[in-house]
Amino acid sequence: MTLQIEIDSDSGFCFGVTTAIKKAEEELARGEKLYCLGDIVHNSMECDRLRSLGLITIDHEQMRQLHDVKVLLRAHGEPPATYELARQNNIEIIDATCPVVLQLQKRIKKQYGANSQIVIFGKKGHAEVLGLVGQTEGNAIVIESFDEVMKLDFHHDIFLYSQTTKSLDEFHRIIDYIQAHIAPDATFKSFDTICRSVANRMPNISQFAKRHDLILFVCGRKSSNGKVLFNECLRVNPNSHLIEGPDEISPQWLNGIQTIGICGATSTPKWLMEQCRDAIIEAQKDQQRE
């Protein structure tokens with residue numbers, strides 16, 4: 001029987017990442033020297049591809065040494081301090097902050113006040129979260145999971161936001177807990193700021209993973225969004241493997257398999273999933289020739 005391979009049509013770059021990469025490619029095509037503050041996407045192979053086109057990845061410390069150059073800000077966004085540094089060093093910003101993240105930054109900045117607790121459900125140290133915390137002069141409280149909600153002061157006003165790529169279900173659990181514990185004289189407001197193009201992938205990828213004997217989840221191991229989606233694949237289909245590229249596919253996984261589903265994170269390029277499909281097809285041809 002011929003092995004059936006399906007690439008998930010919903011997987012691949014989200015709108016924000018696609019836009020950031022397009023902006024980088026346009027600048028590089030003009031022959032411009034372009035720096036990128038942090039990895040443009042949490043996928044080493046896509047970063048290598050853009051590096052081969054001339055993109056130079058830097059960190060914040062290296063940016064402080066630069067003057068009179070162009071620096072691209074990736075989809076994750078940056079705190080106000082980064083824009084101020086660019087102004088001081090005469091750096092031209094190519095701003096590829098995702099519109100969803102940009103809107104969230106503005107809402108948090110507008111809400112921030114001395115007597116309220118701005119709480120962000122997100123991953124500590126994540127680029128997007130650092131940009132959000134920066135809107136509050138570093139005073140926002142970050143909680144990574146439901147277990148950390150107990151550390152909040154329920155006698156003070158709480159305004160709850162979320163990193164755009166977090167779990168919708170866990171966010172609602174946090175809301176329910178705060179509503180049940182907030183003091184009668186304190187205000188609680190929650191703002192659902194989770195990106196739907198990411199949130200909707202959870203039920204979609206769950207259905208996709210159920211359809212196949214084997215799931216290959218292609219993703220850089222740094223991707224937070226990738227970990228969440230891969231764990232969902234694993235939950236519904238224990239025969240799921242996280243790989244960064246075709247070189248990590250084990251021939252043993254294919255034994256007795258009739259259907260393979262290839263999917264990935266919002267940081268996974270379509271061409272990489274296609275490479276994985278092509279590697280399996282070639283491996284099958286080699287076996288038939290033997």
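Predicted model only: the values in this text are computed from it and were never measured. (Residues numbered from 1 in each chain as written. Predicted model: local features only at pLDDT ≥ 70, side-chain atom pairs only at ≥ 80, totals over all residues. Heavy atoms only, no water.)

Caption draft 1: Broad picture of the overall build of the protein. Looking only at helices and strands, one finds eleven helices and twelve strands in the protein. Over its C-alpha atoms, taken along the principal directions, the protein stretches across nearly 75 × 50 × 25 Å. The long-range share in the protein, meaning contacts at least 24 apart out of those at least 6 apart in sequence, stands at 70%. Of the roughly 14200 Å² of accessible surface on the protein, 49% is carried by carbon and sulfur atoms. For the protein, the distance from the average position of its 32 positive side-chain charges to the average position of its 39 negative side-chain charges is 3 Å. (Helix = DSSP H or I, 4+ residues; strand = E, 2+ residues; numbered from the N terminus. Contact = heavy atoms within 4.5 Å. Areas by Shrake-Rupley, 256 points an atom, 1.4 Å probe, with all protein chains shown as cover. Lys, Arg positive; Asp, Glu negative; His and termini not counted. Charge placed at Lys NZ, Arg CZ, Asp CG, Glu CD.)

Caption draft 2: Representation of the environment of V142 within the structure. Secondary-structure assignment places V142 in strand β7 (residues 141-143). On the accessibility criterion, V142 (12% relative accessible area) is buried. When near neighbours in sequence (up to four residues on either side) are disregarded, V142 contacts I120, G122, K124, V129, V133, E148 and K151. (Buried < 20%, exposed > 50% of the residue type's maximum accessible area, 1.4 Å probe, protein only.)

Caption draft 3: Representation of the sheet that holds strand β10 (residues 214-218). Taken in spatial order, the four strands of this open sheet run β1-β12-β10-β11, and their pairing is parallel. In the strand order of this sheet, the two ends are held by β1 (4-7) and β11 (240-243), each with one partner. Here the average twist between neighbouring strands, direction ignored, is 20 degrees. Inspection of the sheet shows β1 paired to strand β12 (residues 259-264) by four bridges, in the parallel sense. Each residue of the ladder has a partner; that of Q4, found in β12, is T259. (Pairing = 2+ DSSP bridges. Axes fitted to C-alpha atoms, helices over the stretch in contact; angles between N-to-C directions.)

Caption draft 4: How the structure looks around the environment of G122. Topologically, G122 is positioned in the loop between β6 (116-121) and α6 (127-133). Residue G122 is classed as buried on the basis of its relative accessible area, which comes to 0%.

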